[in-house]
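# Coordinates in review
The lines below spell out each chain.
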Amino acid sequence: MLKRIAIRMAAIVVTILIGLLVSATLVRMAPGFDSDEHQLDSRLSADTIAALKADKLANRNLLSFYATYIAHALHGDLGRSSALGTPVSELIRQRAGQTFRTCGSGLALGCGIGFLFAFATGIARASGLDLLFGSIATLSLCIPIAALALIFVLLRVPAGLAIATVIYPVVYRYARNILVRTLSMPHVITALAKGSGPIRILICHIIPVCAGQFLAIAGISVSLALSASIAIESLCGIPGLGQLAWQSALARDLPVLVTLTALIAVVTILANSLSDLVPPTVRSQGS
Amino acid sequence: MNAEHTSLLSLRVSVDYANQQGVLQDVCLELKRGEILGLVGQSGSGKSTIALSILRLLHMKKGVARGLINFSGRNLLDLSEREMRSLRGKEIGLVLQSPLSSLNPVLSIGKQLREAWRIHAEGDSKLCSDVIAQTLSSVALPHDKDFLRRRVSQISVGQAQRVLIAMAVLHHPSLLIADEPTSALDVVTQTEILDLFRKLNQKLGIAILYISHDLLSVGAICDRIAVLVAGKIVEELPVTQELRTTSCAYLQQLSGFIRTP
Amino acid sequence: MKVARAIAVAVLLVVSLCALFAGKLSSPDYAFQYREVPDAAPSSAHLLGTDDLGRDRLSRTLYGTRISLSLAPIAALISISLASLIGGLAGFLGGWPERITMAVTDLFLCLPWLFLLLIARSLLPLNAAPLTSVLITFLTLGLLGWAAAARVICTEAREFRTSDILLQARATGQHGWRLLTMQFVPRLRPVLFAQFLISIPVFILSEANLGILGMGVAEPLPSWGSSLRELESFSSFSGEWWKLVPFTLLVLVVVSFQVLLSREEISL
């Protein structure tokens, strides 16, 4: 168990380092990186411009940029935003709480509704209910997140609810398919033939068997929530990390983008590794 | 009244699935107490459907049964789900064909056996462990703590099948439905399991509905045979000693029945 | 279910025909600004009214449909080719190439899709010429959208590599290139087609998202994404139904694709 977690952790660290290298390379190689709009920006003081220039000079060589970036990051210094002139770590610290709150409430609500609907249709086996929830989920999946965000701005719906709307159809669909598949597995029939009631079937014979898959769904919904938060925060004017990502993408703010990539990679990879914590069950060999 | 000759189960059912009509068409079966009835037929002829409809679990496969299933004087199709639940596992046991996937992969064997006991029985854990130990030894399995702590992935197919059988006969049901119980096993284990069924039948007086497509094993343990073709019973005949000894001719006769529609 | 599929096909056909004959159905000049009637309600001259710059909304919607509906399949084609190259090769080779490819694919699938798009799009010029911006947008989609399909194709290729069919074919003396074209490609075709169909609505939605966030197709070229930006200024749901037409059209098309795909979805 410990060994597996250790291996997983090592894999995560390696992946993040590689991801950082790739994103730094891409951002550095992007056309137009060398062009300098900041010198014309009258809002920035002379000192800032000088600092930015020095940064840029240091960034010229990719490998040395990468090495200095990692070295600085280890000391807690993530560099300075090239568009805003503030330290990146401060920007992230200011905005992380907001995103954490909206994404967290959205995730809890979305997963809750999704699983609830899935259990309702799976246990009740009512095809009418299935059709109703399925259609609602399909329809929600067919609306672009950003359009949904605009509509929610109009309706003045809280951001958490908007994120939940994006998450629950996906959770519902996956969870329902897993449930339906598990319900027809022989061990459930055996348990029913023993005389178990529906609640016991759910708690003893379905949830433990599907726990890994359910956690995997939760992992997927974390990256979904982050995706949604970009659109929703940008369009609703909520000062969170999603808005920061959008603004720095528009301004091509290299230090912010690289750090955000690393941060989001860590969060999503950790979330997606959740399901590895559950010991893998041996798949049924029989047909 | 002589219990040997009273009817335990008599059914007359038709079954439709959501995507397939007429899976069973007016199938009549009669099973006496303590009898072993073999139900043979090709795959897809509706054998397993009969097993599920007796236990009223057909809704799991989106099927609907109509007709009459008379089990010790009661029509099972009229019972409430609650009454049915108290019957499943207590009066009627079920053994499925793929032993490894028929046991819960994340719970230990001991836990699953205890669950099967607790559903229908009150009493302290001492009694529970005693019954489990007794049943396990009657199906020739060890009943030490180490074995009970194992999961399905840590035992062999034959052992898993024995655990399933033990679980099904824990409450000494009057009917055991075995749905192709030997098809996933190798030849040696098959014979052992067949012996076990015969022993359970003789010792505990459990009637067995033995569903299979393997004529040899059916001929070996059954008292009577019913042949199911495309949702209809086309032949019912007793297995006589004569038939058993001239098994070749017997097999030819039976496969003749199966082929003719 | 059959009826639903027929309706979906009909909707897609009608919408694509409308897009194809956009010039016949509306004024061919989607960028012309009727300065005297900006933000107008529907009239006989402008069936869906005009936008805030006075451009004919019907014409913009139809030309936008043409761009989105023709380029999404092209992007899907690019991503499927990429996916079959990466996934097929990995699945065929097995061993460490497969493991590394799958690890990269998993990483790709872990990351939030919109974030990935945003980063990739921000690396490319944002203030490019309109036509270039169209190409850049859909090329980004095509080049980034391969991961999910590559995974499916890799699994399929691995199964083929270890299957009895391959053994059988080898036993009858087939080998190399012939094996690939006679056995593998026909077997993979339905999978590829399904993945292609799945990608199209995903790309249509992604383009719309990018468009609304201002990182998609540049003005004055219309696309569904840029048409949807209008929702921002849309203040009430009561009167101005014509502003919702592009949105409805997009949802209708994506729903149609989903209905077509529903059979594959269930077997998932």
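Quick summary incoming for the structure in this document. Note that the structure is predicted; figures quoted are calculated from it, not measured.

## As for the sheet that holds strand E2 (residues 20–32) of chain B
Residue and element names in this part refer to chain B.
- The antiparallel open sheet is built from four strands, whose spatial order is E2-E1-E4-E5. Taken across any chain shown, the strands that pair with only one partner, and hence form the sheet edges, are E2 and strand E5 (74–75).
- By the bridge criterion, eight bridges tie strand E1 (residues 7–17) to E2 in an arrangement that is antiparallel. Its bridge partner being in E2, Leu11 is matched across the sheet by Leu29.
- Along the sheet, helix H1 (residues 47–54) contacts E1, E2 and strand E4 (63–71); its crossing angle with E1, the most-contacted strand, is approximately 115°.

## Some remarks on the sheet that holds strand E7 (residues 175–179) of chain B
Residues and elements named next belong to chain B.
- In spatial order, the strands read E6-E7-E8-E3-E9-E10; together these six strands make up an open sheet with mixed pairing. Each having just a single partner strand, strand E6 (92–95) and strand E10 (232–238) make up the two edges of the open sheet. Adjacent strand axes in the sheet meet at a mean angle of 15°, parallel and antiparallel pairs treated alike.
- Inspection of the sheet shows E6 paired to E7 by four bridges, in the parallel sense. Residue pairing for E7: Ile92 is matched across the bridge by Leu175.
- Of the strands in this sheet, strand E3 (36–40), E6, E7, strand E8 (207–212) and strand E9 (224–229) touch H1, which is tilted by about 145° from E8.

## Focus on the packing of helix H9 (residues 198–236) of chain A against helix H11 (residues 254–273) of chain A
Residues and elements named next belong to chain A.
- Relative orientation of the contacting elements H9 and H11 amounts to 155°, with a least axis distance of 7 Å. By the angle between their axes, H9 is roughly antiparallel relative to H11. Considering the relative orientation of H9 and H11, their crossing is right-handed. Residues Gly219, Ile220, Val222, Ser223 and Leu226 of H9 form the contact with H11, whose participating residues are Ile264, Val267, Thr268, Ala271 and Asn272.
- Partitioning the contact of H9 with H11 into residue classes produces six nonpolar, four polar and no charged.

## Let's talk about unusual backbone geometry
Residues and elements named next belong to chain B.
- Even without being glycine, Ser72 reaches a positive phi, approximately 35°.
- Position of Ser72 relative to the elements: it lies in the loop between E4 and E5.
- Among the residues examined, Ser72 registers a relative accessible area of 32% and is labelled partly exposed.
- With phi around 45°, Glu180 is a residue other than glycine that occupies positive phi space.
- Relative to the helices and strands, Glu180 resides in the loop between E7 and helix H8 (187–204).

## Here's the deal with helix H6 (residues 130–144) of chain C
All names here are of chain C.
- Taking 1.5 Å per residue, 15 residues should reach 21 Å; H6 reaches 21 Å between its end C-alpha atoms and fits that length.
- Listed as buried for H6 are Ser133, Val134, Ile136, Thr137, Phe138, Thr140, Leu141, Gly142 and Leu144.
- Its buried side turned inward, H6 meets helix H3 (57–93), helix H4 (95–110), helix H5 (113–123), helix H7 (147–161) and helix H9 (176–212).

## Quick notes on the nonpolar core
- Counting 167 residues, the largest nonpolar core has Ile50, Ile54, Leu175, Ile177 and Leu209 of chain B together with Ile204 of chain C as the members making the most contacts within it.
- Looking at which element gives the most residues to this core, the answer is H9 of chain A, with 14 residues.
- With sequence-adjacent residues up to four places away left out, Leu209 of chain B is seen in contact with Leu31, Leu37, Leu39, Ile50, Ile54, Leu175, Leu176, Ile177 and Ala178 of chain B.
- Ile36, Leu148, Ala168 and Leu185 of chain B belong to the second-largest nonpolar core, a separate cluster that totals 48 residues.

## Details of the interface of chain B and chain A
- The interface is formed by 29 residues belonging to chain B together with 26 residues belonging to chain A.
- Of the roughly 2300 Å² buried between chain B and chain A on both sides combined, carbon and sulfur atoms contribute 66%.
- Summed over the three residues of chain B that lose the most area to chain A, namely Met60, Ser101 and Glu115 of chain B, the buried surface amounts to 25% of that side.
- Close ionic contact of Lys194 of chain A with Glu115 of chain B constitutes a salt bridge, the shortest N to O distance being 3.2 Å.
- Linking chain B with chain A are 10 residue pairs in polar contact (both at pLDDT 80 or more), by the criterion used here.
- Every element with two or more residues in the side of chain B that touches chain A is listed here: E6, helix H3 (99–102), helix H4 (109–120) and helix H7 (157–168) of chain B.
- Counting residues per element, the side of chain B that touches chain A draws most heavily on H4 of chain B, which supplies five residues.
- Split into classes, the residues belonging to the side of chain B that touches chain A amount to 16 nonpolar, nine polar and four charged.

## Observations regarding the packing of aromatic side chains
- The full count for this structure, using the stated rule, is 10 aromatic pairs over all chains.
- Considering the side-chain rings of Phe115 of chain A and Phe119 of chain A, the 6.3 Å spacing of their centres and the 25° angle between planes classify their relative orientation as stacked. Of this pair, Phe115 of chain A and Phe119 of chain A both sit in helix H4 (residues 88–124), four residues apart, which is roughly one turn of that helix.
- Plain terms: the ring middles of Phe197 of chain B and Tyr210 of chain B are 5.9 Å apart, the flat faces sit at 80° to each other, and that makes the pair edge-to-face. Residue Phe197 of chain B is located in helix H8, and its partner Tyr210 of chain B is located in strand E8; the two are separated by 13 residues in the primary sequence.
- The exposure class of Tyr210 of chain B is buried, given its relative accessible area of 0%.

Scoring rules and cut-offs
Residues numbered from 1 in each chain as written. Chains lettered and ligands numbered in written order. Predicted model: local features only at pLDDT ≥ 70, side-chain atom pairs only at ≥ 80, totals over all residues. Heavy atoms only, no water. Pairing = 2+ DSSP bridges. Helix = DSSP H or I, 4+ residues; strand = E, 2+ residues; numbered from the N terminus. Contact = heavy atoms within 4.5 Å. Axes fitted to C-alpha atoms, helices over the stretch in contact; angles between N-to-C directions. Parallel < 35°, antiparallel > 145°, perpendicular 65-115°, else oblique. Left-handed = near helix turned anticlockwise from the far one by under 90°. Nonpolar A, V, L, I, M, F, W, Y, C, P; charged D, E, K, R; others polar. Buried < 20%, exposed > 50% of the residue type's maximum accessible area, 1.4 Å probe, protein only. Expected span 1.5 Å × (residues − 1). Core = buried A, V, L, I, M, F, W, Y, C linked by side-chain atoms within 4.5 Å. Buried area = accessible area lost by both parts, 1.4 Å probe. Salt bridge = Lys/Arg side-chain N within 4 Å of Asp/Glu carboxyl O. Polar contact = N/O pair within 3.5 Å; in protein donor to acceptor, adjacent residues only side chain to side chain. Phe/Tyr/Trp six-rings, centres within 6.5 Å; stacked < 30°, edge-to-face > 60°.

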